[in-house]
Amino acid sequence: MLWTPRALGRLAAAALLLTSGSAYDLNPNSTDSIKSIAKNMAEDLLTFYDGDKPGGTPGLLPQPYYWWEAGAMLGALIDYWYYTNDDSYNELITDGLLFQVGENADYMPRNQTLTEGNDDQGFWGLAVMSAAENKFPDPPADKPQWLGLAQAVFNTQAARWDEADCGGGLRWQIFHWNKGFDYKNSISQACFFALGARLALYTGNHSYAEWADRTWDWMVNVKFIDEYWRVFDGAHIGNNCTRIVPFQFSYNAGGFLLGAAAMYNFTEDVKWKNRLDKLLGGSKVFFTGPEKNIMTEVACEPVDRCNLDQQSFKAYLSRWLAAVTQWAPHTYDVIMPYLRASAVAAAKQCVGGPNGRMCGLKWNQDKYDGSTGVGQQMAAMEVALSCMVKQRAPPLTGKTGGTSKGSPGAGGDDIGRQHPPGPVYKPLTAGDRVGAVIITILAIAGVFAGMLWIFLDESSDKGPLDQCKGFYGWAADSAAALATAGGAVAVLHRGKGGSQVYNEKNKAVVSSVSERGLRSNPDFNQATEEAPVKLGHVRNRTSGQHSNRRLSSMPIGWPHNPSLRPGSGIESSRSQAVAPRDGDGARLSGSEAVQSTASASSVSIREQ
């Protein structure tokens, strides 16, 4: 039997699948090897997703993953279909992308207002843009279409462009109460820039390209992209975006590489070629290892500080570098050696989890780092698939075979919105009103029952009914006593010529004599002492006798006895270590997560 290279490749892939607990031996030049390994990676990725299972929500990852990463994951699954032609997950992808569009079909769902930022919305927009460009099966005609959804995201974000602070740019957050509203970050600009460039290329509409130009110019003017072509994380508006957070994350650079390649393809302007090439040179910082060719999240991996979001960033750099080679073919020979080497290294780290093939984070080392997660699986799968990019057709446009229908004015209902829409209540029915009456009656009955229970004396020998009768007599005596005392006070006050104040709120005459003054008045004291007041069996003024029951359950002498007062319990907190921020559960930006530990150490040193 003659063994062809293709047959040998299939045999090797089959043997690999039968080997449990061993690393993938990826051949980046073999389509069969890539497809078989990517199939396992996609299957393992979806073990983290329950949106397609009973009780799950389509398009949502379980906690602690944020909403945006689910959109990024669906985008990765679109890539999986695009590279492999495996449609096993197409229904899952479509259900998730359509379920999360929100009330106005622009990826601003009501239940994500506490976490959604411009970058979060942008990742969903980029996912549906890929669906349009790759001719992913269109949704039903009565549903929003991929291109229209991408346009809706872009339109809502263009309306948020903020000239008042730092001269332009998008804020990180959409709504002002979310942490980070005062921060302008590069990834929000990168998503907006890349989406605009791709929409210009797909539709031929130059207005999208003008927005991409404006975004690029602003990034350079505020030095988020510096003279060395480094893309920094962002800055706060309080200092006019001058105190830049200097961390470099791979997805920031990747987003601008993607947009620059699309702009070069659309305009054929040499300035965009130069920008793209220089950005590629600046992005070599993300490749480490003995030969400086293994993709690494350099801001957090070396110090083991990559948070849940950052563990996925290499997925997007891999995805977007592959797309760059399609829109700017001259970059292929520069980019592909890095992607191939990274893919082989990533596959070797897939030895974790209960099945012995879950992927880790650190690709530039021989030892498995022990981590698993959505980000790790996405990144390994994307970089492996990118090795096949030359075998796939380039992204389509409206003129080259794209079929997705657009909606240029989409997203208008959310443009200018400062607050999320309020809750929607259905009209009350007759059954609702009857139910409300019944619940109200039960609630009132419960209150009266509770009051009765409070007034009952559990130490008394009398039954509840007899105590209720006694309570009625006590209430009548008390009312009579108060009336007598009140009449005496009124006579005494009028006799002394007390002044009166007119209360405009209830149109009543109010005495100006204070309670404290009444208690110090001997006439008042005499009137109240002579009044026939009976306060149960606790105290009897006429006989001077006292019962065994005390009025208070507090210790005798409290609060005048110092030995019975509790200590203040207040201790100096200056010697305590400062914990990393994010105590209220709000998402940290990339830079905040890396800075938290360093900030804690420095504060502790200064305070000691």
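Being a predicted model, the structure only gives us computed values, none of them experimental.

## Some details on the overall build of the protein chain
Point 1. A count of helical and extended segments in the protein chain gives 18 helices and 6 strands.
Point 2. With 608 residues in all, the protein chain has 46% of them scored as buried.
Point 3. Counted over contacts in the protein chain with a minimum sequence separation of 6, partners at least 24 positions apart contribute 66%.
Point 4. Here the protein chain has roughly 31,700 Å² of accessible surface; of this, 56% comes from carbon and sulfur atoms.

## Regarding the environment of valine 298
Point 1. Looking at where valine 298 falls in the secondary structure, it is placed in the loop between β4 (294-295) and α11 (313-327).
Point 2. C-alpha of valine 298 to C-alpha of glutamine 248: the two residues are 50 residues apart in sequence and 7.6 Å apart in space.
Point 3. Other than its neighbours up to four places away in sequence, valine 298 contacts Gln248, Val285, Phe286 and Thr288.

## Quick notes on the state of the cysteines
Point 1. Applying the stated rule across the entire model yields 3 disulfides.
Point 2. With its sulfur 2.1 Å from that of its partner, cysteine 166 forms a disulfide with cysteine 241. Between cysteine 166 and cysteine 241, the S-S dihedral sits near 85°, and the bridge is therefore right-handed. Separated by 75 residues along the polypeptide, cysteine 166 in the loop between α6 (146-158) and β1 (183-185) and cysteine 241 in the loop between β2 (234-236) and α9 (250-267) bring together distant segments of the chain. With respect to burial, cysteine 166 and cysteine 241 carry one shared label: buried.
Point 3. Note on cysteine connectivity: cysteine 300 is disulfide-linked to cysteine 306, with sulfurs 2.0 Å apart. On the S-S bond that ties cysteine 300 to cysteine 306, the torsion sits near 85°, and the link is right-handed.
Point 4. Here the protein chain pairs its bonded cysteines, counted in sequence order, in the arrangement 1-2, 3-4, 5-6.

## Quick notes on unusual backbone geometry
Point 1. In this model, glutamine 63 is joined to proline 64 through a cis peptide bond whose omega is 15°.
Point 2. Residue position: proline 64 is located in the loop between α2 (31-45) and α3 (67-84).
Point 3. Phi at aspartate 304 is positive, roughly 55°, even though this residue is not glycine.
Point 4. Within the fold, aspartate 304 resides in the loop between β4 and α11.

## Brief notes about the packing of aromatic side chains
Point 1. Scanning the model with the defined rule gives 31 aromatic pairs in all.
Point 2. Three or more aromatic residues joined by ring pairs make a cluster, and in this case those are Trp68, Phe123, Phe247, Phe249, Tyr251, Phe313, Tyr316 and Trp320.
Point 3. Residue placement shows arginine 171 over the ring face of phenylalanine 181; its charged tip is 4.2 Å from the ring centre.
Point 4. A cation sits over an aromatic face here: arginine 392 above tyrosine 82, 5.1 Å from the ring centre.

## As for the side chain of serine 318
Point 1. Structurally, serine 318 can be placed in helix α11.
Point 2. Reaching out from serine 318, the side chain makes a polar contact with the backbone oxygen of lysine 314 at a distance of 2.8 Å.
Point 3. Here serine 318 is in contact with Met295, Leu339, Glu382, Val383 and Ser386, once residues within four sequence places are set aside.

## Considerations on the confidence of the model for the protein chain
Point 1. For the protein chain, the mean per-residue pLDDT works out to 82, and 70% of the residues sit at or above 70.
Point 2. The model gives residues 533-554 a pLDDT under 50, and that stretch makes 12 contacts with residues more than four places away or in other chains.

## Digging into the packing of α9 against α11
Point 1. Relative to each other, α9 and α11 sit at 15°, their axes nearing to 8 Å. By the criterion of interaxial angle, the relationship of α9 to α11 is roughly parallel. Between α9 and α11 the crossing geometry is left-handed. Taken together, the residues of α11 that come into contact with α9 (itself represented by Ser250, Tyr251, Gly254, Gly255, Leu257, Leu258, Ala261, Ala262 and Asn265) are Phe313, Lys314, Tyr316, Leu317, Trp320, Leu321, Ala323, Val324 and Trp327.
Point 2. The residue makeup of the contact of α9 with α11, split by class, is 13 nonpolar, 4 polar and 1 charged.

## Some details on the nonpolar core
Point 1. Of all hydrophobic cores here, the largest spans 133 residues; its most connected members are Leu97 and Tyr316.
Point 2. In terms of residues, this core owes the most to one element, α3, which gives 13 residues.
Point 3. Filtering out sequence-adjacent residues up to four positions away, tyrosine 316 remains in contact with Trp68, Glu69, Ala72, Phe123, Tyr251 and Met378.

## Some details on the UniProt feature "transmembrane region" (unreviewed entry) in the protein chain
Point 1. Here the UniProt feature "transmembrane region" (unreviewed entry) sits at residues 249-266, 434-456 and 471-492.
Point 2. The span residues 249-266 is 94% helical and 0% strand by assignment, and the distance between its end C-alpha atoms comes to 27 Å.

## Quick word on the pattern of salt bridges
Point 1. For the structure on display, the rule yields 16 salt bridges.
Point 2. With a closest N to O distance of 2.9 Å, glutamate 103 and arginine 110 form a salt bridge.
Point 3. Residue aspartate 304 pairs with lysine 362 through a salt bridge whose shortest N-O separation is 2.3 Å. With aspartate 304 in the loop between β4 and α11 and lysine 362 in the loop between α12 (332-348) and α13 (374-385), this residue pair connects regions lying 58 residues apart in the sequence.
Point 4. Relative accessible area serves as the criterion here: at 54%, aspartate 304 is assigned to the exposed category.

What counts as what
- Residues numbered from 1 in each chain as written.
- Predicted model: local features only at pLDDT ≥ 70, side-chain atom pairs only at ≥ 80, totals over all residues.
- Heavy atoms only, no water.
- Helix = DSSP H or I, 4+ residues; strand = E, 2+ residues; numbered from the N terminus.
- Buried < 20%, exposed > 50% of the residue type's maximum accessible area, 1.4 Å probe, protein only.
- Contact = heavy atoms within 4.5 Å.
- Areas by Shrake-Rupley, 256 points an atom, 1.4 Å probe, with all protein chains shown as cover.
- Disulfide = S-S within 2.5 Å.
- Phe/Tyr/Trp six-rings, centres within 6.5 Å; stacked < 30°, edge-to-face > 60°.
- Lys NZ or Arg CZ within 6 Å of the ring centre and 35° of its normal.
- Polar contact = N/O pair within 3.5 Å; in protein donor to acceptor, adjacent residues only side chain to side chain.
- pLDDT = per-residue confidence, 0-100.
- Axes fitted to C-alpha atoms, helices over the stretch in contact; angles between N-to-C directions.
- Parallel < 35°, antiparallel > 145°, perpendicular 65-115°, else oblique.
- Left-handed = near helix turned anticlockwise from the far one by under 90°.
- Nonpolar A, V, L, I, M, F, W, Y, C, P; charged D, E, K, R; others polar.
- Core = buried A, V, L, I, M, F, W, Y, C linked by side-chain atoms within 4.5 Å.
- UniProt positions renumbered as here; feature names shortened; annotations may be inferred.
- Salt bridge = Lys/Arg side-chain N within 4 Å of Asp/Glu carboxyl O.

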